[in-house]
Amino acid sequence: MRFKDKVVLITGASRGLGKAMAEGFAEEGAKIIVSSRKLDACEAVAASIKSRGGDAIAIDAHLGSTEKIDILLTKVYSQVSKVDILINNAGINLGMASLSDTTVAMFDKMISVNLRGPWYLSSRIAPKMGDSGGGCIINILSIAAMISPPNMGLYAATKAALASLTEVMAQEWSSLNIRVNALAPGSYRSEMTNSAIESIEGYEQSLIDAALIPRIADSKEILNPVFYLATEAYTTGTTLVADGGVLAKR
Ligand SMILES: NC(=O)c1ccc[n+]([C@@H]2O[C@H](COP(=O)([O-])OP(=O)(O)OC[C@H]3O[C@@H](n4cnc5c(N)ncnc54)[C@H](OP(=O)(O)O)[C@@H]3O)[C@@H](O)[C@H]2O)c1
């Protein structure tokens, strides 16, 4: 019960890594705020956590809208007195596209969900975290932030920018006793990965071949690195990589 009495707000928690983290933190005693755009999907995750003796509430929010984030925060603080751990996990990749094929609409959507949302949510929560004695923020990146692969340029750029913001957040909020770190996973099974595998021939094998551990991970394998960042570690302002050795193999 490493996270007993802790409140953890996880964006994009209705499926994939967010859901795995919601269930994992709940099993370790935390109260979970499950958030994504679809309330029914969040409620299903919260109900499943509660059916196993855990504690969770569901609140929907579109991270691409600052107004919706304001409403999320109002709902959060009407139900809990503090948030100890914020995990900015919700992220989108609108498919493979070269820079020339990327439209302004794609650019704006990716930036608003992958970058502006985490910045806005974190910057509104940080003072409240400080008021309640501190906490921690974890930004979910991708090793795409370090590799900058062709046809994923915009996705990679949003994640690289979030890595940069992670360092700034850590510096600006250390006086509030808030640690801020990022996690950069390699490929794991999720709807995001599956849709790319289904649409691009040979993509699955290319992911497997890229790693020193030659397989695609399960989202549950990403949990322990997140737990490390969420515990009272002497770690802030950095990015932890969990990529099966992709960066090393390059
Ligand atoms: N899959 C991988 O191999 C991989 C590798 C490295 C990094 N990542 C990163 O890990 C994070 C989680 O990815 P995943 O693979 O678990 O994705 P996923 O299965 O596609 O899940 C994405 C989650 O984000 C929510 N979401 C999407 N758009 C949103 C929005 N505008 N506002 C609020 N919530 C939104 C979705 O729920 P709703 O549809 O209900 O909104 C869902 O809960 C992302 O940041 C991704 O970039 C993934």
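Please refer to the structure higher up on the page.
Here the structure is a predicted model, which is why all the values come from computation and not from measurement. Every residue gets a number counted from 1 within its own chain, in the order that chain's sequence is written. Predicted model: local features are reported for residues with pLDDT of at least 70 only, side-chain atom pairs are reported and counted for 80 or more only, and whole-chain, interface and lining totals are derived from all residues. Side-chain descriptors were evaluated using all non-hydrogen atoms of the structure, hydrogens and water having been removed beforehand.

A.B. asks: So, the site of the ligand: which residues are in play, and what are the values?
C.D. replies: Being near a molecule or strand, for a residue, comes down to having at least one heavy atom within 4 Å of it. Every one of the 30 residues lining the ligand counts as a neighbour, but S14, S36, N89, Y155 and S190 are closest to it. Here a polar contact is taken to be a pair of N or O atoms separated by no more than 3.5 Å, where protein atoms must pair a possible hydrogen donor with a possible acceptor and residues adjacent in sequence count only if both atoms sit in side chains. The separation between an oxygen atom of the ligand and a polar side-chain atom of S14 is 2.7 Å. The backbone of N89 places a nitrogen or oxygen atom 2.7 Å from an oxygen atom of the ligand. For accessible areas, the Shrake-Rupley method is used with a probe of radius 1.4 Å. Any residue's cover is judged against the shown protein chains and nothing else. When the free accessible area of the ligand is taken as 890 Å², the share hidden by the protein chains comes to 97%. Numbering of helices and strands starts at the N terminus; helices are DSSP runs of H or I of at least 4 residues and strands are runs of E of at least 2. Among the secondary structure elements, those contributing two or more residues to the shell around the ligand are α1 (16-27), α6 (153-173) and α7 (191-199). Considering each element in turn, the shell around the ligand owes the most residues, 3 residues, to α7. Grouping the amino acids of the shell around the ligand by side-chain chemistry returns 13 nonpolar, 12 polar and 5 charged. Charged residues are taken to be Asp, Glu, Lys and Arg, nonpolar residues to be Ala, Val, Leu, Ile, Met, Phe, Trp, Tyr, Cys and Pro, and polar residues to be all remaining types, Gly included.

A.B. asks: Break down the nonpolar core for me, with residues and values.
C.D. replies: Core analysis: the biggest nonpolar cluster contains 31 residues, and M21, F25, I32, V34 and I87 have the highest contact counts within it. Taken together, the elements giving at least two residues each to this core come down to β1 (7-11), α1, β2 (31-36), α2 (39-51), β4 (85-88), β5 (135-140) and α9 (223-230). By size, the runner-up hydrophobic cluster in this structure holds 26 residues, among which are V7, L73, L86 and I137. Remark: nonpolar core denotes a set of buried residues (Ala, Val, Leu, Ile, Met, Phe, Trp, Tyr, Cys) joined through side-chain atoms within 4.5 Å. Under the scheme applied here, a residue whose accessible area is under 20% of the maximum for its type counts as buried, over 50% as exposed, and between as partly exposed, the area being computed with a 1.4 Å probe on protein chains only.

A.B. asks: Could you give an account of a nonpolar patch on the surface, naming the residues involved and the relevant values?
C.D. replies: Residues enter a patch when their relative accessible area is above 30% and they make no salt bridge; the linking distance is 9 Å between like charges and 5 Å between nonpolar side chains (Val, Leu, Ile, Met, Phe, Trp, Tyr). Salt bridges are counted wherever a side-chain nitrogen of Lys or Arg sits within 4 Å of a carboxyl oxygen of Asp or Glu. A surface patch of nonpolar side chains, amounting to about 210 Å² of accessible area, comprises M146, V241 and L247. Considering the arrangement of structural elements, one finds L247 in helix α10 (residues 246-249). Of the residues examined, L247 reaches a relative accessible area of 31% and is grouped as partly exposed.

A.B. asks: Summarise the pattern of salt bridges; cite the residues concerned and give the values.
C.D. replies: Under the criterion given, the structure shown has 10 salt bridges. Where E28 meets R2, a salt bridge forms, and the shortest distance between an N and an O atom there is 3.4 Å. With E28 in the loop between α1 and β2 and R2 in the segment before β1, the pair connects residues that are 26 residues apart, well separated along the chain. When its relative accessible area of 45% is taken as the criterion, R2 is described as partly exposed.

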